[in-house]
Amino acid sequence: MAHATPTTDLPRGELTVRTIAMPADTNANGDIFGGWVMSQMDQAGGIAGVERAQGRVVTVAVDAMTFIQPVRIGDVLSVYTRIGRIGRTSLKIEIEAWATRFRTGLRDKVTDATFTFVAIDEQGRPRPVPAETEVLTA
């Protein structure tokens, strides 16, 4: 794992979820579980997906998730989302997680991934994602 070095990069996308890492979210080494971070990213992607698809979505895949830096107790995790490719029933959402470090306030990108969601109807079957013009006029 890389050493913690503050980044001058800026998050890409819209701030969608912001939460604090707590002691209950740690592994035996005192670092926050990667699964907890992934869960926050999935929630953020779900929010962005529901807004764009105008209804229920489900996660079907996570592509190339890379953990860059650990998240520690007290860090504020900010998750940013960007809508990527939109298919007939699916959306690829690019997601980045950044940690604002407890005490120092330095901000580090901790992970990123592309999540794929499928829009579903009330019966749980895939449904078309509305065209961009339909979303803008709704």
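Per-chain numbering applies: the sequence of each chain, read as written, is numbered from 1 onward. For a predicted model such as this one, the threshold for reporting local features is a pLDDT of at least 70, and the threshold for listing and counting side-chain atom pairs is 80 or more; totals across whole chains, interfaces and linings nevertheless cover every residue. Side-chain descriptors were evaluated using all non-hydrogen atoms of the structure, hydrogens and water having been removed beforehand.

### A short note on the side chain of D75
Runs of E in the DSSP output that reach at least two residues are strands. Runs of H or I that reach at least four are helices, and both are numbered from the N terminus. Residue placement: D75 occurs in the loop between β2 (57-67) and β3 (76-86). A simple rule labels every residue: compare its accessible area, found with a 1.4 Å probe on the protein chains alone, to the largest value its type can have, and call it buried under 20%, exposed over 50%, or partly exposed in between. Note on D75: relative accessible area 3%, which makes it buried.

### Considerations on the nonpolar core
To qualify as a nonpolar core, a set must consist of buried Ala, Val, Leu, Ile, Met, Phe, Trp, Tyr and Cys residues joined through side-chain atoms within 4.5 Å. If you look at the biggest cluster of nonpolar residues, it comprises 24 residues, and the most contacted ones within it are V37, M41, V71, L77, V79, L91 and A97. Top contributing element to this core by residue count: helix α1 (residues 34-53), with 6 residues. It only takes one pair of heavy atoms within 4.5 Å for two residues to be counted as in contact. In contact with A97, other than residues within four places in its own chain, are V37, M41, L77, S78, V79, D108, K109, V110 and T111.

### A look at the pattern of salt bridges
By definition, a salt bridge exists where a carboxyl oxygen of Asp or Glu is found within 4 Å of a side-chain nitrogen of Lys or Arg. By the definition in use, this model includes 9 salt bridges. Note that E96 is salt-bridged to K109, the shortest N-O span being 3.6 Å. Of the two residues, E96 sits in strand β4 (residues 90-100) while K109 sits in strand β5 (residues 107-119), which places them 13 residues apart along the sequence. Of the two residues examined, E96 and K109, each falls in the buried class. A salt bridge links K109 to D112; the nearest nitrogen and oxygen atoms lie 2.9 Å apart. On the basis of relative accessibility, which here comes to 19%, the residue K109 falls in the buried class. Sharing partners across several salt bridges, the network here consists of R12, E96, K109 and D112.

### Observations concerning the pairing of β4
Most of β4 sits out of view: 8 of its 11 residues are buried. Pairing between two strands requires that DSSP report at least two bridges joining them. Here 9 bridges tie β3 to β4, and the two strands are oriented antiparallel to one another. What sits directly across from T81, in β4, is I95. Two elements, β4 and β5, share 11 bridges in a ladder whose sense is antiparallel. Considered in β5, the bridge of W98 is made with K109.

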